[in-house]
Amino acid sequence: MKILLVEDNERVSQFVVKGLQEAGHTTDHAANGREGMFLGASEPYDVIIMDRMLPGDIDGLAIIEVLRKAGKRTPILILSALSDVDDRIRGLRSGGDDYLTKPFAFGELLARLDALHRRSQGVNHEVPLSVGNLHMDPMTRKVTRGDRQIVLQPREFKLLEYLMRHADQVVTRTMLLENVWDYHFDPQTNVVDVHISKLRQKIDAEFDRPLLRTVRNAGYMVTAGDP
Amino acid sequence: MIRSSALSLALGYVALGITALVLFAAPLWYAWQVTIQDGRSEILQADAQRLADIYRRDGGDGLKNFIDTRVNMQIAGDRILLLTDTSRKPLAGNLPDWPRNLPTTPGNYRINVDMGGHGGEETLVHVALLGNYYLLVGRDNKLFAPLERRFWYGLTAAIAALSIAGLLVGLITRRALMTRVDSIRRTVSAIMHGDLKHRLPTHLSDDELNTLARTINGMLEQIEVLVHGVRNVSNSIAHDLRTPLAELRSRLEELALMRPPAESVFAEIDGAVADVDRVIRIFDALLRLAEIDAGLRRSGFVPLDLAELAETAVEFYAPAAELKEIELTFHADGPLPVAGDPILLAQALSNLIDNALKFAPEHGAIDVTVRRRADAAAEIAVADNGPGIGDAEKAKVVERFYRGDASRGTPGVGLGLSLVQAVAKLHGSALELSDRHPGLCVVLVLPASDMNAAPDSVAAGTGSASAAPRPAAPAAATAPTS
């Protein structure tokens, strides 16, 4: 992915640029709003990471509004130290696609960037999903692995669907909470892990190759690749 | 002194009193003057008539004699009589001369007569022409002067007395008021200097100042509780942040000192990140509490189905309950539309179930019930059969950072119930804790509001203003980081 990072804090920028590089992404860095606006408008990026509060007269939200008015549909992730719900809403209303509060875990940022990028490629909710020999038909709500049919509860289905739509990508617990349960808070317990292990029981228990994997310090991934 | 409100009020009343007095006296005075004047004119005319009769009967000399007799007998008293010939030369009477300025045309006149001790200011005279004589009949006002004087003296005295009394009352009221206001001022300035224990003096009476003093005392009570709470919270924050920070510090210091092999360095770094995450979690919880307390989240109120919200929460925790072999049950009579903040209500409910899971024993039972009460309020009850909370602790468990004896050794920082309480308060209700012997039942009541009573109109009214982000598809994301 080609990513633009607009962030004035040198330490955070260094950390993000380096991390993205290691994850195999090309990153341009703009340290102020003017440069960020220029790059964002002229270069084709897959995702833009935008800090909300920038030095100088242009702030992150203003840049987003300008880019959107100019017809740029590049997915934008807003990075901010403001965690109020109102700030979040304002950020999303201005044209941002996702909102991450500082301080954040790098794994969370990476997973969200992947999800944003995949979303921008377009999601077809009717096309059957497959990961290895695991198949899901969102229309008939039928799930099979190999030739065995798997019976899932509605919420388990939603959980697996989200994981399969983001196959080969890390999905964090927060992302699952938000998108599967619509929970925008931290339940402070490992309930998501329990749900995952129940789901794992159903789809992986009697097969040699596990598809639903735990990614240490980050989240989960459904993949048919080698562990 | 002029700016004293008691005094200006008293002076205002004095002015009002004086105005009333004058308004009362003026018409009286006028009526009196008119009546007397009319009466006297009639008397004078009657006198003149009688003298004219004498003139007609006895002729000019007869009249002259009659007047002489009257003047000599001094019957006239305050009366003035004068008979002159056509050249105004006096013939008889007690006036030495025809007054200057007085015409000889018959009629009533008001003149100043000061001749020979008779007459005075404002003397009323009647002039008549009898044949070749001019007759002047008058009566001076001396008789009424003392009465008039008394009237004026009385009025002035009344005004003076009123003014003095008003001033005195004003001064006394001001003094009394100043004493009490001063004591309030002293107390308040003592409080401003940091001593929150002071209270305003109150009396048994229900006068305005006392009512005010009692209200202010109530406010001081509340402020003291709040300040005390803030102080406690700051202490608790300091303490609760100190623990993970101390761990983090020693972890890093040890790394710097020992320089262990790479493998264990990474493990230590993971631990350090976990320590920092703990600190961030505490901050996030506090920020959210502050946000709720500030009432900012009321903008996020939308119509929602409480039963569905509770069912999702129960279903969310079901696998965790299963793992502990706790029976988690859910009861609802069907959809229960209310107006509220979906994110906060979900979080509050999640905290309640999470708590119940923490404290319910193995093979225990937790029940979540959602129902509409008789008074139209909506109610969520979360009941467990754990150790419960003693009466002494009930008030404390909702305090920030309070952790009961039963929670020793369980994860958490003691903000869970504080948040539920804050959410309840935001929705206009309080948290009710009751015993189930064994176990605890926590009830969150959402009072019936206009919105709750008529969910249809709500859907039209606030649906579009739905400020809380509620992604419908799995794609959208608005994230609180953990």
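Read on for a plain summary of the structure. What you see is a predicted model; the values in this text were computed from it and never measured. (Residues numbered from 1 in each chain as written. Chains lettered and ligands numbered in written order. Predicted model: local features only at pLDDT ≥ 70, side-chain atom pairs only at ≥ 80, totals over all residues.)

1. Some thoughts on the overall build of chain A
Here's step 1: For chain A, the count of helices and strands is 8 helices and 12 strands.
Here's step 2: Counting the 227 residues in chain A, one finds 41% classified as buried.
Here's step 3: Restricting to contacts in chain A with at least 6 residues of sequence separation, those with at least 24 account for 57%. (Helix = DSSP H or I, 4+ residues; strand = E, 2+ residues; numbered from the N terminus. Buried ≥ 20, exposed ≤ 12 C-beta atoms within 10 Å, placed from the backbone. Contact = placed C-beta atoms within 7 Å.)

2. A closer look at the overall build of chain B
Here's step 1: When helices and strands are tallied, chain B shows 10 helices and 12 strands.
Here's step 2: Every one of the 482 residues in chain B was classed for burial, and the buried ones make up 28%.
Here's step 3: Sequence-distant contacts, at least 24 apart, represent 61% of the contacts inside chain B between residues at least 6 apart.

3. Points about unusual backbone geometry
Residues and elements named next belong to chain A.
Here's step 1: Across the junction of Lys102 and Pro103, the peptide omega takes the value -5 degrees, indicating a cis bond.
Here's step 2: Relative to the assigned elements, Pro103 resides in the loop between β5 (98-101) and α5 (106-120).
Here's step 3: Here Arg141, not a glycine, exhibits a phi torsion of approximately 60 degrees, which is positive.
Here's step 4: Owing to 11 C-beta atoms within 10 Å, Arg141 belongs among the exposed residues under this scheme.
Here's step 5: One non-glycine residue with positive phi stands out, namely Asp168, at about 65 degrees.

4. Looking at the sheet that holds strand β2 (residues 26-30) of chain A
Residue and element names in this part refer to chain A.
Here's step 1: Sheet architecture is open: 5 strands sit in the order β2-β1-β3-β4-β5, paired in parallel fashion. Only two strands of the sheet have a single partner each, and these edge strands are β2 and β5. Between one strand axis and the next, the sheet turns through 20 degrees on average, direction left out of account.
Here's step 2: Direction of pairing for strand β3 (residues 47-51) relative to strand β4 (residues 76-80): parallel, over a ladder of 4 bridges. Within β4, the residue paired with Ile48 across the bridge is Ile76.
Here's step 3: Strand contacts of helix α3 (residues 60-69): β1 (2-6), β3 and β4, with the helix running at about 145 degrees to β3, the strand carrying the most contacts. (Pairing = 2+ DSSP bridges. Axes fitted to C-alpha atoms, helices over the stretch in contact; angles between N-to-C directions.)

5. Digging into the pairing of strand β10 (residues 378-384) of chain B
Residues and elements named next belong to chain B.
Here's step 1: Taking burial as the measure, the 7 residues of β10 include 5 buried ones, the bulk of the element.
Here's step 2: One ladder, built from 7 bridges, connects strand β9 (residues 365-372) with β10; its direction is antiparallel. For Val368, the partnering residue across the bridge sits in β10 and is Val382.
Here's step 3: Following β9, the chain reverses through 5 residues before pairing antiparallel with β10; Ala376 in that reversal takes a positive phi of roughly 75 degrees.
Here's step 4: As paired strands, β10 and strand β12 (residues 440-446) are joined by 6 bridges and run antiparallel to one another. Paired with Ala378 across the two strands is Leu446, which belongs to β12.

6. Observations regarding the packing of helix α8 (residues 191-203) of chain A against helix α5 (residues 306-323) of chain B
Here's step 1: Two elements in contact, α8 of chain A and α5 of chain B, have axes separated by 8 Å at closest approach and are oriented at 80 degrees. By the angle between their directions, the pair α8 of chain A and α5 of chain B is classed as roughly perpendicular. Each of Val191, Val194, His195 and Lys198 of chain A in α8 of chain A lies in contact with α5 of chain B, whose residues at this interface are Phe316, Tyr317, Pro319, Ala320 and Leu323 of chain B. (Parallel < 35°, antiparallel > 145°, perpendicular 65-115°, else oblique.)

7. Concerning the nonpolar core
Here's step 1: Residues Tyr317, Ile353 and Ile366 of chain B are the most contacted members of the largest nonpolar core, which totals 114 residues.
Here's step 2: Apart from residues no more than four positions distant in its own chain, Tyr317 of chain B is found in contact with Val191 of chain A together with Leu328, Ile353 and Leu357 of chain B.
Here's step 3: Of all hydrophobic cores here, the second largest spans 19 residues; its members include Leu44, Leu83, Val125 and Ala128 of chain B. (Core = buried A, V, L, I, M, F, W, Y, C linked by C-beta atoms within 7 Å.)

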